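Observations on the model geometry
Here is what each chain is made of, one letter per residue.
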Amino acid sequence: MASDGTKTTEGAIGGRLGEALSERVRVAMLDAFAQGAAPEVEAAVHAANAGGQLIKPTSDARFGDYQVNAILPLAKLLKGNPRALAQRFVEVFDSRGMCLAPEIAGPGFVNLRLDPSWLAAELGRAATDARLGVAPVAQPQRVIVDFSSPNVAKRMHVGHLRSTVIGDALVRTLKFLGHAVVGDNHIGDWGTQFGILLWAWKRGHDEAALNADPIGELERLYKEGTAAMKADVEIANACRAELAKLQAGDAENKALWERFVAVSRAEAERVYARLEVTFDSWHGESFYNDRLPGLVEELRAKGVATESEGAICIFLDEPGLPTTPFIIRKSDGAFLYATTDLATVEYRRETLHAERLVYVVDVRQSDHFRQLFATCKKIGWDADFVHVGFGMMLGADGRPFKTRDGGVVRLDQLLDEAEERILPVVREKWPEATEAAQRLIASKVGAGAVKYADLAQNLATDYKFDWDKLLAADGNTGPYLQYALVRCLSIFREAENRLGLVFAPDGTALLLGTDEEKALALELARFGDTLDRMGAQLLPHILCEYLFALARLFSAFYAKCPILASNIDAATRHSRLTLTHLVWRTLETGLSCLNIPRVTRM
Ligand code: ARG
């Protein structure tokens, strides 16, 4: 028990090495520096801890495994000599079990080195655990992830890829961490496009074409309607009138609308199936329609919304927000995107009891979400709101990603192309397989490559879609990671075929004799912290980078440390197979969080 009453972690760390170490550092800092000192010190330690700044993994193993950098800034507050303070810290730091004696370095850094026998035992145990030793979070949250959310009546195109793939990875990772997550496809199924479609449909549609290629016919009608509407205000008014009729509950329009939505949904489901993406709910905009009038009245009654030039508006004067008000009802009585989003928040908070609301939507909608979140705050709907904004997908030439003739790239065609490009490689590597088996692998590797390329980017920036880069067998790509996984499996196959050895980890401690084994072990032990970081920051590239680093360390280990060779003693072989097993399962778990398909052959 430390002096502030917190318990230091001794045995179980729940798969969070960094967190456990950080906690020991926090306790030691308070012990060493906060006794009778100003509350600023305590506050500074607390802030550094909350920001994950108490320890940092070192980039060079010569300086230990983690470094404590937080003493230098504290020395300023305490007006003390940093090295002397570091000395005080080292004296009270509890290294028992986990670390070797800490070392002071430079002007007042402290280097922490894990006790190799602790690490070896910890990983030995993790190898037999179904969750690789990574316990679910202590405080699970109810989270809604609003993702994909295309405007329907149109085909899915590349513009829908990012939200779909990123949102899906966030949902799966948060679920793995133990949160109660609802992945919701908030489809745009109530907007102006239906007025246009209804008008164009009534003017003339082709029933045979609709049966043969439903979404194609809808797209044709939509294009025609849009062109006609742009050319003629009378037609634009007629389209609006159709929409108003639909929204007022007109039976004919409602029946057509249902048909349009069903067609679009069936089409979208086909693309989602190829991406292996699923949702927990499909509450589109129409789902909230009945709530809109009441909500607007409620907000007026509360004094949050006011009338201005006939429209109902919410004025927000917070720095950084657009100066235009958040409009929730137009002067003609129509409700807007904003109104639906407010009704959605109300439903998610009140009915689903959401504590964290995540929106995976293009950065171009940042202003909308800023205003939405500020409005919720003003109403008093508190929750943890996050807009996960992402940049655009560009072609290899840095221009918006288009087909050769300048059209939008359809998602199904993009996936077809990925498969076609990877197929010759699969045929060459696995010639004895049937055509169907080769195609199945190619579809998984192709889709995996496209998805991974999207996830591995820093979200907020635009990214260049480059076939050669994303399909490369080397580098931070989907195929590289899938291949690393296949290689682990082939080692077990070989162990069985050559040595008759059916391997299963048994919980015994590892033997970490070489630098490669140590480095690999340390990286494996960082999996839980990595998942936590991704869950907190909602950035999939954090996990991608980790898996890539792990696969590279595995490759270095594999090159240097023979596993099945006859001169390897049984204990070493067992330890190396355990390491391989851990790598395999960490890749398997990590890729399943990102929802990159796993393959057993390649
Ligand atoms: N359907 C919208 C669009 O395509 C995205 C919806 C995002 N989610 C939301 N709750 N606003 O732009």
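Our subject in this report is the structure included herewith.

Thresholds applied
Chains are numbered independently. Their residues run from 1 in the order of the written sequence. The model is predicted, so local features are restricted to residues of pLDDT at least 70 and side-chain atom pairs to those at 80 or more, both for listing and for counting; the totals for chains, interfaces and linings are taken over all residues. Excluded from the side-chain calculations are hydrogens and water; all other atoms, namely the structure's heavy atoms, are used. As a rule, the C-alpha atoms of each element are fitted with a line to give its axis, helices using only the stretch in contact, and angles between N-to-C directions run from 0 to 180 degrees. Numbering of helices and strands runs from the N terminus; a helix is a DSSP stretch of H or I covering at least four residues, while a strand is a stretch of E covering at least two. Each angle is binned into one of four classes, with values under 35 degrees roughly parallel, values over 145 roughly antiparallel, values of 65 to 115 roughly perpendicular, and all other values oblique. Crossing handedness is defined as follows: a turn of the near helix away from the far one that is anticlockwise and smaller than a right angle gives a left-handed crossing, while the clockwise case is right-handed. Note on contacts: a residue pair is in contact if any heavy atoms of the two residues lie within 4.5 Å. The residue classification treats Ala, Val, Leu, Ile, Met, Phe, Trp, Tyr, Cys and Pro as nonpolar and Asp, Glu, Lys and Arg as charged. All others, Gly included, are polar. At least two DSSP bridges between two strands are required for those strands to pair. With strands facing away from the observer, any crossover in which the path from the first strand over the helix to the second runs clockwise is taken as right-handed. Buried means the residue's accessible area, taken with a 1.4 Å probe over protein chains only, is under 20% of the maximum for its type, while exposed means over 50%, and partly exposed covers the values in between. A single heavy atom is enough: if one lies within 4 Å of a molecule or strand, its residue is considered near that molecule or strand. We call two N or O atoms a polar contact when they sit within 3.5 Å, provided that within protein one can donate a hydrogen and the other can accept it, with sequence-adjacent residues counted only if both atoms are side-chain atoms. Using a 1.4 Å probe, accessible areas were evaluated by the Shrake-Rupley method; residue-level cover was limited to the displayed protein chains. By convention a nonpolar core is built from buried Ala, Val, Leu, Ile, Met, Phe, Trp, Tyr and Cys residues, the set being connected through side-chain atoms within 4.5 Å.

Some thoughts on the packing of helix 21 (residues 540–560) against helix 22 (residues 570–594)
- One way to put it is that helix 21 packs onto helix 22 with a least axis distance of 10 Å and a crossing angle of 155 degrees. Classified by the interaxial angle, the pair formed by helix 21 and helix 22 is roughly antiparallel. The crossing of helix 21 and helix 22 is left-handed. Each of Pro 540, Leu 543, Cys 544, Tyr 546, Leu 547, Leu 550, Phe 554 and Phe 557 in helix 21 lies in contact with helix 22, whose residues at this interface are Arg 576, Leu 579, Thr 580, Val 583, Thr 586, Leu 587, Gly 590, Leu 591, Cys 593 and Leu 594.
- Per-class residue counts for the contact of helix 21 with helix 22 are 14 nonpolar, 3 polar and 1 charged.

Some remarks on the pairing of strand 6 (residues 180–184)
- As paired elements, strand 5 (residues 142–146) and strand 6 share 5 bridges and run parallel to each other. Across the sheet, Val 143 pairs through a bridge with Val 181, a residue of strand 6.
- Taking the sense of rotation as the criterion, the β-α-β connection linking strand 5, helix 6 (residues 161–176) and strand 6 turns out right-handed.

Regarding the pairing of strand 8 (residues 311–314)
- Neither face of strand 8 is open: one carries Ala 311 and Cys 313, the other Ile 312 and Ile 314, and all of them are buried.
- Adjacent in sequence and paired antiparallel, strand 7 (residues 306–308) and strand 8 are bridged by 2 residues, among which Glu 309 carries a positive phi angle near 50 degrees.
- As paired elements, strand 8 and strand 9 (residues 326–329) share 3 bridges and run antiparallel to each other. Paired with Ile 314 across the two strands is Phe 326, which belongs to strand 9.

With respect to the site of the ligand
- Lining the immediate environment of the ligand, one finds Asp 146, Ser 149, Asn 151, His 186, Tyr 337, Asp 341, Tyr 359, Val 361, Gln 365 and Phe 369.
- Between Asp 146 and the ligand, the recorded distance is 2.8 Å, taken from a side-chain N or O atom to a nitrogen atom.
- A distance of 2.8 Å separates a nitrogen atom of the ligand from a polar atom in the side chain of Asp 341.
- Protein coverage of the free-state accessible area of the ligand, which is 350 Å², stands at 87%.
- Grouping the constituent residues of the shell around the ligand by class yields 4 nonpolar, 4 polar and 2 charged.

Re the side chain of His 387
- Relative to the assigned elements, His 387 resides in strand 11 (residues 384–388).
- Discounting residues that sit within four places of it in the chain, His 387 has contacts with Tyr 359, Val 361, Asp 362, Val 363, Gln 365, Ser 366, Phe 369 and Phe 373.

Focus: the nonpolar core
- Ranked by internal contacts, the top residues of the largest apolar core, which has 167 residues, are Leu 17, Leu 21, Met 29, Phe 89, Phe 194, Leu 414 and Leu 594.
- Counting 31 residues, the second-largest nonpolar core is a separate cluster that includes Ile 144, Ile 314, Phe 373 and Ala 374.

A short note on the packing of helix 13 (residues 337–350) against helix 14 (residues 366–379)
- Between helix 13 and helix 14, the least distance of the axes is 11 Å, while the angle of their chain directions is 50 degrees. With respect to helix 14, the element helix 13 is oriented oblique. When you trace helix 13 past helix 14, the crossing you get is right-handed. The segment helix 13 lies against helix 14, with Tyr 337, Ala 338, Asp 341, Leu 342 and Val 345 engaging His 368, Phe 369, Leu 372, Thr 375, Cys 376 and Ile 379.
- Its residues placed into classes, the contact of helix 13 with helix 14 shows 8 nonpolar, 2 polar and 1 charged.

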